[in-house]
Amino acid sequence: GKPSVVNFWFTRCAPCIDEIPVFNQMVKNHGTKYNFIAITFDKGERVQRFLAKQSFDFFHLTEAKAFIDSIELSAYPTTLLLDSEGVIKHVQGGLPYRFDKNGELGMGDGKDLIALLEEME
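Residues numbered from 1 in each chain as written. Predicted model: local features only at pLDDT ≥ 70, side-chain atom pairs only at ≥ 80, totals over all residues. Heavy atoms only, no water.

This part takes up unusual backbone geometry. Here the amide bond leading from Tyr 76 into Pro 77 is cis, since omega sits at -5 degrees, within 30 degrees of zero. Mapped onto the elements, Pro 77 comes out in the loop between α3 (65–70) and β4 (78–82). With a phi close to 55 degrees, Glu 63 is a non-glycine residue in the positive phi region. Take Glu 63: it is sitting in the loop between β3 (59–61) and α3. Judged by its relative accessible area of 45%, Glu 63 is partly exposed. Phi is positive for Glu 72, which is not a glycine, with a value near 55 degrees. Of note, Glu 72 is situated in the loop between α3 and β4. (Helix = DSSP H or I, 4+ residues; strand = E, 2+ residues; numbered from the N terminus. Buried < 20%, exposed > 50% of the residue type's maximum accessible area, 1.4 Å probe, protein only.)

In structure tokens:
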């Protein structure tokens, strides 16, 4: 009944891992307003070992290779935004990297995703 962020990732994907702190901040700031779901083809044990070292505050679905193959997903990370009815409203191939005020490249803040979610409320 709430808009959802669905992130497709895997434990050896560097851009996927780079996004995690931004997604964790989204959950911290908006966790009661939206669902946050992570889907991976990785085995549950691998994900649990990863999560023991790196917090990723989404609800995790593991060993989803058959589902991922059925939707022909091949680019990681990929994030979907679903409205409260479960209809896909936005597809994004990962959070964009941006240059900061010192000219250093880093992960964007994800505010554009939150703005899109707010439009769905």
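Resuming the write-up.
A few words now on the pattern of salt bridges. Applying the stated rule across the entire model yields seven salt bridges. For Lys 89, the salt bridge is made with Asp 83, and the minimal N-O distance between the two is 3.9 Å. You can call Lys 89 exposed: its relative accessible area is 51%. For Asp 83, a relative accessible area of 14% gives the class buried. Of the charged contacts in the structure, one is a salt bridge between Asp 112 and Arg 98, with a shortest N-O distance of 3.6 Å. Here Arg 98 lies in strand β6 (residues 97–99) and Asp 112 lies in helix α4 (residues 111–120), a separation of 14 residues in the sequence. For Asp 112, a relative accessible area of 32% translates into the label partly exposed. Note on Arg 98: relative accessible area 38%, which makes it partly exposed. (Salt bridge = Lys/Arg side-chain N within 4 Å of Asp/Glu carboxyl O.)

In short, shape yes, function no, at least from these values alone.
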